[in-house]
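This is what each chain is made of:
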Amino acid sequence: MALLPFYIPGRRRINVIIVGGGYAGMAVLTTLKQYASNVDITLVDPGAQHLKITHLHETFRYPLSDLLTPFSELEKRFNCRHIQASLTVNDAMLRQWQADRYLAVGNEILTFDYLVVATGGETQESEPATNVLTLQDFMHTAGSSLLLNHLGAVATEEPFISVVGAGATGIQFLFEIHQFLNRQKIKARLRLINASEQVLVQFPRGFDTYVQTLMRECCIDFAANTRYLGQTDQEILLEDKQSGNVTALPSHLTLLFLGKKQKHLWSANAFGQITIDHKILPHVFTAGDCSTYRSPGSNVQSAQSAVRKGKLIARNILRHSGLLKILEPYLHHDIGYVVNLGPTDAVGWLVTEGNIVTGLPALTIKEIVETQYDLLLMGIDTYVI
Ligand SMILES: Cc1cc2nc3c(=O)[nH]c(=O)nc-3n(C[C@H](O)[C@H](O)[C@H](O)COP(=O)(O)OP(=O)(O)OC[C@H]3O[C@@H](n4cnc5c(N)ncnc54)[C@H](O)[C@@H]3O)c2cc1C
C-alpha cells in the first residue's frame, strides 16, 4: 500500500460510490485502492464494459474489443462492485444525497460516506437520419464494419462520405477513414464540413496549417464556414454561414461529430467537492468532463484532466475521511495534446502550446500517454504529476 501524505486513516471502513466508469471514475477507483485498504467501492455505470474512448477512431484498424475492459474483470482486479445502471443526477438529488448519505439504484438502497459524480460529457444530439452515423454508433460497432456495411449498400461507383465537425474527434476519424479507404482500395470522395474556416480551433494555429496541408495532399474536400442542416437519403443539406445560401450535395454517408453540449456541468471547489448555490457538499465530489473546478487547474475536457481530477479527489476523499482533514487543491495543467492523423502521422503540442510536434515524435508521445493509462487500469500508477 502506497503512503499518502497528510492521510492518517480513521478506525472504520469507508464506503464510496462512483457514478460513471470512464477515465475519471477509473482514476478514482484505482487511486483509492492504491492508498487505502479500508475502502469499499461501488461503481455505477450503465455499460457492461469500460471503454477507452480516446482510441475509438482506431477501430478502422483494430477490433472494438481491444478498447473494452469488462467491469466484471475490474471488479475482481480492484475488489469492488459494479452495478449496471444509469443514475439521474440533478441539484436536488445531490443535496438530498449529501443529507441522507444513501441513494437508490433500482430496487437497492446504497449507503455511502462519499459519492463521486463522474458521468462525462454529453454529445450534441441530432435527429436520427438514414445514412448518418454519430459517435454513439462507433461505441457499439467498429468503424471498419460500419463503413463497409454502409458502402456495401450504395449503388454509386464513387460514393461521397461527409465528416461534419473539425474538432479533435472529427479530424481523427477523417484521416482514419481516408487511410482505411486506401487500404481497402475503395473508391470514395471524402469531404470535411466545418462551421469555421479553421480546423482544430481549440488548438494552436499550427495545427490548422498542418492539417489543412495534409487534407489537400490527400484530396479531401473542405467546406469551411458551413453549417450542417440535415441529411436526406443521399444528400447533405448545408448552409453557407456568410451568405445564408442553402445547398444540397451528394453524400451517401455522413458522420456527425458535433462536439459536446453540456447540460450538467457540476461546479466544484478547488478540492473537487460539488458546490450548489455557493454551498459546499462535503461528501459529494465530481471529476472529469462533467465538472468544472474553481481553481487555477485545467478544466479542459480531456482524458488527461479527467484522470488528474479523479486521482486528486480520491486522495482528498481519503484525507477527508482521516484524522487530519487537510485537502489538496487542484493545480494540474495538461502538458500536451496530440491529435492522430491516421496510423502514421499526428500533430500535437508538448510542454507549451508554442511547441508543436508532428509525425513520429507526436505519435510516440501519444503512445506514452496511452500506455500510462493502460498501466493505471492494471493498478500501476506511473503518473508523476
Ligand atoms: C474519439 C475521441 C478521442 C479522444 N482523444 C483524446 C485524447 O487523445 N486525449 C485526451 O486527453 N482526450 C481525448 N478525448 C476526450 C476524452 O475521451 C474525454 O475527455 C474523457 O473520456 C473524459 O473522461 P470522463 O471520465 O469525464 O468521461 P467518460 O470517459 O466519457 O466516462 C463517463 C462514464 O460515465 C458513464 N455515465 C454517463 N452517464 C451516467 C449516468 N447517468 N449514470 C451512471 N453512469 C453514467 C458512461 O457510461 C461512461 O462510462 C477523446 C474523445 C473522443 C470521443
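Treat the numbers as computed from the prediction; the structure is a model and nothing was measured. (Residues numbered from 1 in each chain as written. Predicted model: local features only at pLDDT ≥ 70, side-chain atom pairs only at ≥ 80, totals over all residues.)

*Asks:* Help me understand the overall build of the protein chain, please; the structure alone is not making it clear to me.
*Replies:* In terms of regular secondary structure, the protein chain is built from 9 helices and 23 strands. Taken against the 2.2 N^0.38 rule, which gives 21 Å for 385 residues, the C-alpha radius of gyration of the protein chain at 22 Å falls within 12% of a compact globule. The dimensions of the protein chain, computed from C-alpha atoms along their principal axes, are 70 × 45 × 40 Å. For the protein chain, with 385 residues in total, the buried portion stands at 39%. Considering only residue pairs separated by 6 or more positions, the protein chain has 68% of its internal contacts joining residues 24 or more positions apart. (Helix = DSSP H or I, 4+ residues; strand = E, 2+ residues; numbered from the N terminus. Rg over C-alpha atoms; globule rule 2.2 N^0.38 Å. Buried ≥ 20, exposed ≤ 12 C-beta atoms within 10 Å, placed from the backbone. Contact = placed C-beta atoms within 7 Å.)

*Asks:* Whenever I open this one, the site of the ligand confuses me. Can you help?
*Replies:* In the vicinity of the ligand lie 32 residues, with Gly20, Gly22, Gly120, Gly288 and Ser302 positioned nearest. Contributions of two or more residues to the shell around the ligand are made by α1 (23-35), β2 (39-45), α6 (168-183) and α8 (303-321). Its residues assigned to classes, the shell around the ligand comprises 14 nonpolar, 16 polar and 2 charged. Inspection of the shell around the ligand shows a minimum of three residues originating in each of domain 1 (14-122 + 261-334) and domain 2 (132-256). (Near = placed C-beta within 6 Å. Nonpolar A, V, L, I, M, F, W, Y, C, P; charged D, E, K, R; others polar. Domains from an automatic or database assignment.)

*Asks:* Please explain unusual backbone geometry as it appears in this structure.
*Replies:* Most peptide bonds take the trans form, and the phi angle of most residues other than glycine is negative. You will see that Asn79, though not glycine, has its phi angle at about 50°, which is positive. Checked against the element boundaries, Asn79 lands in the loop between α2 (71-78) and β5 (81-84). C-beta crowding within 10 Å serves as the criterion here: with 12 such atoms nearby, Asn79 is assigned to the exposed category. Even without being a glycine, Val351 presents a positive backbone phi close to 70°. The topology assignment puts Val351 in the loop between β22 (346-350) and β23 (352-358).

*Asks:* What is the right way to look at the environment of Leu312 in this model?
*Replies:* Mapped onto the secondary structure, Leu312 falls in helix α8. Beyond its immediate chain neighbours, meaning those up to four positions away, Leu312 contacts Gly272, Glu328 and Tyr330.

*Asks:* Explanation requested: the sheet that holds strand β9 (residues 132-134) in the structure shown.
*Replies:* Each strand in a sheet pairs with another by means of backbone hydrogen bonds, the pair being arranged parallel or else antiparallel. Spatial strand order, β9-β16-β10-β11-β12: 5 strands in an open sheet with parallel pairing. Bordering the open sheet on either side are β9 and β12 (221-223), each of which pairs with just one other strand. Strand-to-strand twist in this sheet, taken as the mean axis angle between neighbours without regard to direction, amounts to 20°. Here strand β10 (residues 160-164) pairs with strand β16 (residues 253-256) via 4 bridges, running parallel. In the sheet register, Ile161 faces β16, and the bridge partner there is Leu253. (Pairing = 2+ DSSP bridges. Axes fitted to C-alpha atoms, helices over the stretch in contact; angles between N-to-C directions.)

*Asks:* What is the right way to look at the sheet that holds β23 in this model?
*Replies:* The strand order across the open sheet built from 3 strands is β21-β22-β23, with neighbouring strands paired in antiparallel fashion. In this open sheet, the two edge strands, each paired with only one partner strand, are β21 (336-340) and β23. Direction aside, the axes of adjacent strands within the sheet are offset by 15° on average. Judged from the 5 bridges that link them, β21 and β22 form a sheet pairing that is antiparallel. Within β22, the position partnered with Val339 by the bridge is Val347. The sheet contacts of helix α7 (residues 205-217) involve β21, β22 and β23, and relative to β22 the element is tilted by about 165°.

*Asks:* Quick question: what am I supposed to make of the pairing of strand β11 (residues 189-193) here?
*Replies:* In summary, the side chains of a regular strand alternate between the two faces of the sheet. As paired strands, β10 and β11 are joined by 5 bridges and run parallel to one another. Opposite Ser162, over in β11, you have Arg191 as the bridge partner. Once the chain exits β10 it traverses α6 before rejoining the sheet at β11, and the crossover so formed is right-handed. For β11 and β12, the ladder comprises 3 bridges, and the chain directions are parallel. Pairing of Ile193 across the sheet is with Ala223, part of β12. One crossover worth recording links β11 to the parallel β12 by way of α7, and it is right-handed. (Right-handed = clockwise from strand over helix to strand, strands pointing away.)

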